[in-house]
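The primary structure of each chain is shown beneath.
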Amino acid sequence: MRYGYFDDENREYVIDHVNTPVPWTNYIGVNDMCAVLSQSADGYVFYKSPQYHRITRFRPNAPISRPGHYVYLRDDDTGEYWSISWQPVGKDLTKAKYECRHGLSYSKYSCEYNGISACQTIFIPLNEPVELWDVVLKNNSSRPRCLSIYSYIEFSFHQIDMDNQNFQMSLYASGSSYADGIIEYDLYYEESGYQWFTSSFEPDGFDCLRDRFLGAYRDERNPIAVERGECTGSFEKTGNHCAALQKKLVLQPGQDIRIAFLLGEGKRETAAPMREKYSDPANVDRAFSDLAAFWDEKLSKLQVNTPNQGMNTSLNIWNLYQAEVNIMFSRFASFIEVGGRTGLGFRDTSQDAMTIASSNPEKCRQRIIELCRGLTQQGYGLHLFQPEWFDPEFQGKQQSFKSPTVIPTPSMEEKVHGIKDACSDDALWLIAAISEYIKETGEVSLLDEMVTYADGGEGTVYQHMMRILDFSAEQVGATGICKGLRADWNDCLNLGGGESAMVSFLHYWALQHFLALSRFIGKTEEVEKYEKMAAKVKKACNDNLWDGEWYIRGITGSGRKIGTHDDKEGKVHIESNAWAVFSGVADLDRAVKAMDSVDKYLYTRYGLMLNAPSYTKSDDEIGFVTRVYPGVKENGSIFSHPNPWAWCAEAALGRGDRAMKFYNALLPYNQNDKIEVRQSEPYSYCQFVMGKDHTAFGRARHPFMTGSGGWAYFAATRYLLGVRPDFDHLIVDPCIPKDWGSFDVTRVWRGAVYRIHVENPCGVSKGVKTMEMDGKTLSGWIPVQKAGTQHSVHVVMG
Ligand code: GLC
């Protein structure tokens, strides 16, 4: 069963059955203001921080997601009313036609009902903290129509905690006012606690008090003000507030009208100029096309044309979009992560930054510096921290967007908790992010930039990298394998103070990145030291972690091996096997066996399970994973994030058919017509899909905010299609299914455009026979070309 389709030309996903099994969300805004909205316009918007500066309210985890950013229409002749998005009024879908188009940073809701067509496009201009609703109404009937249009949003107390508990102060410290067509909302105790709402028209009515607009014992489905056809003109200091503006309209047959609603950050004074600007539809159009140009620019960095249509749609549009959304909003705003956390998760942000170096080098660099500042002198990263704590611009000041009265500046002890809080993998990811950033941009000087450590002192970025590698070398158990510490990448696999196979493999991978970089910049002493370290790590891994057919997952504090052939549960794990191979630790024989075991034990038609069989008996020495239901999340679900690691491992082995089998199984696009199973958005990777050991096998949960967004993009573009930059050249080293005859990749790298055509006349998966650029033979790679130039590259595999 399907609920929508991909419209690649418009870069939209079109939901023509809006009653999706769960909300299908989109992210609006690319800068400081961000809204998460569903296919029914339910959702919320925040400014900079979903935790501390929520603008509109959202009642999380409710049977129906409410409230949202709604427009109501009322037929003033009959009293009948409906909403432009299907919810909240929820008209009978056999009588009303509803559609939602989710695009890149905008959503377009439209309906046809009762002879009126209506469309509400919601977006946030690139550099202005204002949410625009571009609304068009048209009378398709043959008689004049008297209509009322109403906006509706519910304001939130800014801090999520205050919005969910103890209202004895907050309820009496929030107020609203109305003057000259502008509603202002304020939080009395916050200096910067103001928002406004206005429209391009002079309203005929308004309400700022939620309960006056909705009425007693009612909700957004049937507001009394809409039912009656009159707002009450309410506003007050104290209470719960909304922004309802009403306009009465007469539309002649065939007539249309375009109006704008605006929700902005700041005091009333900032509303008037914005209102004037966006009352001119030409300015709305310009802001919308600027946003489209922003995405054009990003997407143009890498476009592909392969025989796999799902891969094309994903890599050219949705997968990159998801990766960018993750890095922009650092994974803490969705309908699941409802904004109760902000800041940067060390490992998640490092990986997200690494994967968008090509489309967003500025953000990648910013995150690298923020993460370096969140590193301790000892070399472990703070697992979760606020980048503002260590930002010199904020030193001595409160974050301007937080309430000065409520958020104290944390002390050093509150910021840095010591090694007991450290996860063993966190900082290792940063090494790869730095190396990928330099490969992308060529900015080697980043390595010399001085950056502070979280607990005092400073060092260059290069020194930060060495601290990270040294930390992992020091934090090893008796076998020489890295300690798991609080957890490794798998939050729920704690190993009771034992050792993590995955982290040792990761350490080796990070070392390879660092060594390549150090050789490139001629650091011979460091090369010597870290080559020795790498050799030691490799030996420890191969001496201790091989089980005969695959690599074990770890060793518990009491010395028990986890993930062995003797285990009835948690026998084979993805993380250690994919990383043993992708890192280069495993020799060919072991690598082949390990990945064959992954295929044999973990493959399902919806992707690779994280481990199998799932744990059914609690065992705290293994970790919390054993207390998670079988087939769910870290316990044997198809956890999406590590799936691309297995694609990379298969690519390293040159097994393109196997890699593509794994890729296709997880690809959300391929489940577009199986929504009765998947339930969630088919345009976004989800954090996990229920595994075989769960009755809801195939059901996907937690869209957008997952490391699989970035990793799927990174793995598919760099290792399956094989186009990836090195420090001074571009590599083309594809690993594809044997039946692919050819494919094309257009890649912008350091300002030059490379149009790469790859042919596969002999039907191989791996291996490049010849490579030419602009008619000249190349010796295996593409040297850096001048910015502004364009080049044709012809690659023949064989
Ligand atoms: C979640 C966390 C991530 C972790 C993963 C596996 O996605 O955000 O940090 O690695 O779960 O436990």
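Before going into details, it helps to say that this report is about the structure given with it. Just so it is clear, the model here is predicted, and its values are computed rather than measured.

A short note on the layout of surface pockets
Right, on to step 1. Here the largest pocket defines a volume of roughly 1,000 Å³.
Right, on to step 2. Forming the boundary of the largest pocket are 38 residues, of which Asp32, Met328, Lys363, Gln366 and Arg367 lie nearest the centre.
Right, on to step 3. Looking at the lining of the largest pocket, the elements that each hand over two or more residues are helix 5 (281-300), helix 6 (309-329) and helix 8 (361-373).
Right, on to step 4. Ranked by the residues each element gives to the lining of the largest pocket, the list is headed by helix 8, at eight residues.
Right, on to step 5. Tallied by class, the residues present in the lining of the largest pocket amount to 15 nonpolar, 10 polar and 13 charged.

With respect to the sheet that holds strand 40 (residues 782-783)
Right, on to step 1. With antiparallel pairing, three strands are arranged side by side in an open sheet as 34-35-40. The outermost strands of the open sheet, each flanked by one partner alone, are strand 34 (723-725) and strand 40.
Right, on to step 2. Where strand 34 meets strand 35 (residues 729-732), three bridges bridge the pair, whose relative direction is antiparallel. Within strand 35, the residue paired with Arg724 across the bridge is Ile731.

Here we look at the site of the ligand
Right, on to step 1. Around the ligand, the neighbouring residues are Arg331, Arg347, Asp348, Trp489, Asn490, Asp491, Glu634, Phe639 and Gln687.
Right, on to step 2. With respect to the ligand, the backbone of Trp489 contributes an N or O atom lying 2.6 Å from an oxygen atom.
Right, on to step 3. A distance of 2.9 Å is found between an oxygen atom of the ligand and a backbone nitrogen or oxygen belonging to Asp491.
Right, on to step 4. Considered on its own, the ligand offers 310 Å² of accessible surface; in the complex 88% of this is hidden by protein.
Right, on to step 5. Looking at the shell around the ligand residue by residue, the class counts come to two nonpolar, two polar and five charged.

Quick word on helix 16 (residues 643-653)
Right, on to step 1. Of all 11 residues in helix 16, 10 are buried; the element is thus mostly enclosed.
Right, on to step 2. Among the residues trailing helix 16, Gly654 stands out with phi positive, at a value near 80°.

As for the pairing of strand 36 (residues 742-749)
Right, on to step 1. Direction of pairing for strand 19 (residues 302-305) relative to strand 36: antiparallel, over a ladder of four bridges. If you follow Val304 over to strand 36, its bridge partner there is Val745.
Right, on to step 2. In this sheet, strand 37 (residues 752-759) lies alongside strand 36 in antiparallel orientation, the contact comprising eight bridges. Across the sheet, residue Phe743 finds its bridge partner in strand 37, namely Val758.

A closer look at the packing of helix 14 (residues 574-582) against helix 15 (residues 588-602)
Right, on to step 1. At a minimum axis separation of 9 Å, helix 14 and helix 15 run at an interaxial angle of 150°. The angle between helix 14 and helix 15 falls in the class roughly antiparallel. Where helix 14 crosses over helix 15, the two elements pack in a sense that is left-handed. Residues Ile574, Asn577, Ala578 and Val581 of helix 14 form the contact with helix 15, whose participating residues are Ala591, Ala594, Met595, Val598 and Leu602.

Here's the deal with unusual backbone geometry
Right, on to step 1. The omega torsion of the bond from Arg66 to Pro67 falls at -15°, within 30 degrees of zero and hence cis.
Right, on to step 2. If you trace the backbone, Pro67 turns up in the loop between strand 5 (43-47) and strand 6 (70-75).
Right, on to step 3. With an omega dihedral of 15°, the bond running from Gln87 to Pro88 counts as a cis peptide bond.
Right, on to step 4. Within the element layout of this structure, Pro88 appears in the loop between strand 7 (81-83) and strand 8 (97-103).
Right, on to step 5. You will see that Lys48, though not glycine, has its phi angle at about 65°, which is positive.

Reading the values: the criteria
- Residues numbered from 1 in each chain as written.
- Predicted model: local features only at pLDDT ≥ 70, side-chain atom pairs only at ≥ 80, totals over all residues.
- Heavy atoms only, no water.
- 1 Å grid on protein atoms, 1.4 Å probe; cavity = no way out; pocket = protein on both sides within 12 Å on 5 of 7 lines; lining within 4 Å.
- Points joined across faces, edges and corners; volume = space filled by probe spheres on them.
- Helix = DSSP H or I, 4+ residues; strand = E, 2+ residues; numbered from the N terminus.
- Nonpolar A, V, L, I, M, F, W, Y, C, P; charged D, E, K, R; others polar.
- Pairing = 2+ DSSP bridges.
- Near = heavy atom within 4 Å.
- Polar contact = N/O pair within 3.5 Å; in protein donor to acceptor, adjacent residues only side chain to side chain.
- Areas by Shrake-Rupley, 256 points an atom, 1.4 Å probe, with all protein chains shown as cover.
- Buried < 20%, exposed > 50% of the residue type's maximum accessible area, 1.4 Å probe, protein only.
- Axes fitted to C-alpha atoms, helices over the stretch in contact; angles between N-to-C directions.
- Parallel < 35°, antiparallel > 145°, perpendicular 65-115°, else oblique.
- Left-handed = near helix turned anticlockwise from the far one by under 90°.
- Contact = heavy atoms within 4.5 Å.

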